[in-house]
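# Summary of the model geometry
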Amino acid sequence: MIESINPATLEVIGKVDETPVEKIDEIFKNSRVAQKKWAKIPLKERARRVVKVNEVISTQFDEISLIISQEVGKPPNEAFVSEVYGVADSTFNYYTNVIDILGGEEQIPLGFYESLDKRSFIERKPIGVICVIGPYNYPFTIPFQQIVQSLMAGNSVVFKPSSETVLTGKRIQEILDEIDLPENLVQTVYGSGSKVGNPLIDNADKVIFTGSTATGKRIMQRGANTLTEVDLELGGKSAMIVFPDANIERAVLAARWGCFTNAGQVCASVKRLYLHEKIYDAFIDKLVESTKKLKQDIPTKPNVDVGAMINEEQLNWVEKMVKTGIEEGATVLIGGRRNPDLKGYFYEPTIMIAKNNEMRVVQEEIFGPVLVVLKFKDDKEVIEMVNDNQYGLTSSVWTDDIEFGKKIAEEIDTGSVMVNEVVYTFALAPTPWGGTKNSGIGRTHGKLGFYEVSRPLHINIDEYKEPDLWWMPYDKDYDEIIENFKNIASSLVVKDKYE
Ligand code: NDP
């Protein structure tokens, strides 16, 4: 039995039965049967059936938001806007686009070979059984979007929610059970990663994993045994760079929201704030003032901005990292401690001035409400500091000069760069999501997300009636043919005007 605990009140709010490990092979066997049936249904009809989840969700907005709020510790309205709305928007978006992305044939020009009546094209096929392993911080929107894309592409899904958020996981399964899908097309496995992880990876055709970098590496290592494909959406240490010409009022509020939403437990959270020396002092003053106004409390109470962290272990880790930062010479401007007035896992919104870019608090992911601030004097210096990090998920550049912002964005080594925005592209269904370096491999969302859950099948059609020129025998005629080939090859040299 896995208990779900409200991290703000420490009350047990529900339980689910653990899935016996010995049942996992059978779950996959059933999943394969369902997938074969599902893949035979035309793409348009599959999409039409899957989009019905929006009808189900629309009758339960408040209920789902409350489950997420109670299980993760975030305010229900934040849960609605960042999770429930995210699923409805993406499902609708995928429904309207999937035919363009996955339907039909993508013709490939073959050049010379076309004169020999040959042609090639790509069709996208389902991969088979996709295992979606979800994190605790966005337990609804992250796995749900991945499940929707996988299903529309013709796959079946075995889903493992985080053990911290089994009730949200259960609700996803219940919603999908209400729509017209073949039996066992989506099945949920409940259990800790250490127990059920390996059999899931061993049985799956592909794993879409969202979580920490350490676990992601373990999954990739395990997947190597069976050459199981992996898509890894991992940790981050996102930087926000503010130039003097930026809209400072807006940037201050963006930094505050970008760091403290979901109590800082966001892969894309603003974790490093780089301020130009000309605005450094004024920006910090405004940010600290506005952070003081945030209300931290049990998130189901009215008008709470910042809720709880997920558990004691995560909170202890944040406490330890802040302590390390202080030992390394960082200065805490606000927060820097567990909230003494609340009995749940509350850590106060914290802003620290870092001494240099090499400190652990600047380099490592602190998955909680902790922002580190650094000063820079020019573009070159800040680009070097931002890129000098093991993570590469997302970042933002703040300036009034969009061309300049774009130029800086092109120098930054992250999967996404926003100019004058933070975090939110994570919620955009059409735009690709994923990182570089230790932030992961692959992309979810949009067209690239559909490519992740489908395989290219290359079909080559030949309507040439004669033997191909390069076939045996290698006789005198063949020597002549080869001379012609040499002439063709010489004509393939790129002329100066194209260089
Ligand atoms: P974890 O890596 O601890 O867990 C993620 C999931 O993996 C959970 O369902 C967990 O199960 C499971 N798991 C753990 N061990 C294994 C294993 N050996 N085999 C298979 N599955 C396993 O991450 P968190 O849930 O703590 O999430 C926080 C992390 O996720 C942060 O680093 C954050 O940056 C990252 N993240 C990245 C996102 C992105 O899009 N790049 C988005 C959201 C979060 P269980 O907990 O039940 O043991």
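Going by the structure above, here's the rest.
What you see as residue numbers is a count from 1 along each chain, following the sequence as written. Where local features are concerned, this predicted model is filtered to residues with pLDDT of at least 70; where side-chain atom pairs are given and counted, the filter is 80 or more; whole-chain, interface and lining totals use all residues. To get the side-chain values, all heavy atoms of the structure are used, and hydrogens and water are removed first.

This part covers the pattern of salt bridges. Oppositely charged side chains can form a pair if their charged atoms are brought close together. The term salt bridge refers to a side-chain nitrogen of Lys or Arg lying within 4 Å of a carboxyl oxygen of Asp or Glu. This structure, assessed with the given rule, holds 30 salt bridges. Among the ionic pairs, Asp205 bridges to Arg32, the shortest N-O distance being 2.9 Å. Of the two residues, Asp205 sits in the loop between helix 8 (193–203) and strand 8 (206–210) while Arg32 sits in helix 1 (residues 24–40), which places them 173 residues apart along the sequence. For Arg32, a relative accessible area of 30% gives the class partly exposed. For helices the rule is a DSSP run of H or I covering at least 4 residues; for strands it is a run of E covering at least 2, with both sets numbered from the N terminus onward. Partly exposed describes any residue whose relative accessible area lies between the buried limit of under 20% and the exposed limit of over 50%, with all areas from a 1.4 Å probe on protein chains only and scaled to the type maximum.

Definition of nearness: a residue and a molecule or strand are near each other if at least one heavy atom of the residue lies within 4 Å of the molecule or strand. In the region of the ligand, 29 residues are neighbours, and Gly134, Ser163, Ser212, Leu234 and Glu365 sit closest. Contacts to the ligand include Lys160, whose side-chain N or O atom sits 2.9 Å from an oxygen atom. Polar contact is defined as a pair of N or O atoms within 3.5 Å, subject to the rule that within protein one atom must be able to donate a hydrogen and the other to accept it, and that residues adjacent in sequence are counted only when both atoms are side-chain atoms. Here an oxygen atom of the ligand sits 2.8 Å away from a polar atom, N or O, in the side chain of Trp433. Elements with a contribution of two residues or more to the shell around the ligand: helix 8, strand 8 and helix 9 (213–226). Residues are grouped as follows: Ala, Val, Leu, Ile, Met, Phe, Trp, Tyr, Cys and Pro are nonpolar; Asp, Glu, Lys and Arg are charged; all remaining types, including Gly, are polar. Tallied by class, the residues present in the shell around the ligand amount to 12 nonpolar, 14 polar and 3 charged.

Taken in spatial order, the 6 strands line up as 7-6-5-8-9-19 in an open sheet, and their pairing is mixed. Edge positions in the sheet fall to strand 7 (186–188) and strand 19 (440–441), since each has one partner strand and no second. For this analysis, residues touch if any pair of their heavy atoms sits within 4.5 Å. All axes are obtained by fitting lines to C-alpha atoms, using only the stretch in contact for helices, and the reported angles, taken between N-to-C directions, cover 0 to 180 degrees. On the sheet, helix 6 (residues 141–152) packs against strand 5 (129–133), strand 6 (156–160), strand 7, strand 8 and strand 9 (229–233) and is oriented at approximately 165 degrees with respect to strand 6. Docked against the sheet, helix 7 (residues 166–177) engages strand 6 and strand 7, running at close to 155 degrees with respect to strand 7. Note on pairing: two strands pair once DSSP finds at least 2 bridges between them.

Bringing the sheet that holds strand 3 (residues 106–108) into the picture now. The strand order 3-4-20 describes an open sheet built from 3 strands, whose pairing is antiparallel. The open sheet has two edge strands, strand 3 and strand 20 (454–462), and neither has a second partner. Pairs of neighbouring strands in the sheet enclose a mean axial angle of 30 degrees, with direction left out of account. Sheet analysis places strand 3 next to strand 4 (residues 118–126), joined by 3 bridges and oriented antiparallel. By the bridge assignment, Gln107 is partnered in strand 4 with Phe121.

Turning next to the environment of Glu411. With respect to the helices, strands and loops of the structure, Glu411 is situated in helix 15 (residues 402–411). A relative accessible area of 47% means that Glu411 is categorised as partly exposed. Separated by 377 residues in sequence, Glu411 and Ala34 place their C-alpha atoms 46 Å apart. Contacts of Glu411, omitting those with residues within four sequence positions, involve Ile383 and Asn387.

Before going further, it helps to spend a moment on the pairing of strand 13 (residues 350–353). The side-chain alternation of strand 13 yields two buried faces, one formed by Thr350 and Met352 and the other by Ile351 and Ile353. Two elements, strand 12 (residues 331–334) and strand 13, share 3 bridges in a ladder whose sense is antiparallel. The residue of strand 13 that forms the bridge with Thr331 is Ile353. In this sheet, strand 14 (residues 370–376) lies alongside strand 13 in parallel orientation, the contact comprising 4 bridges. Its bridge partner lying in strand 14, Met352 is registered against Val372.

This next bit is on helix 1. Helix span, expected: 1.5 Å multiplied by one less than the number of residues in the helix. Taking 1.5 Å as the rise per residue, helix 1 with 17 residues should run 24 Å; its terminal C-alpha atoms sit 25 Å apart, in good agreement. Here helix 1 has its buried residues at Ile24, Ile27, Phe28, Ser31, Ala34, Gln35 and Trp38. Burial along helix 1 is one-sided: seen end-on, the buried residues are contained in an arc of 125 degrees. Away from its buried face, by an angle of more than 90 degrees, helix 1 presents the exposed residues Asp25, Lys29, Val33, Lys36, Lys37 and Lys40. Throughout, the arc means the angular range of directions from the helix axis out to the C-beta atoms.

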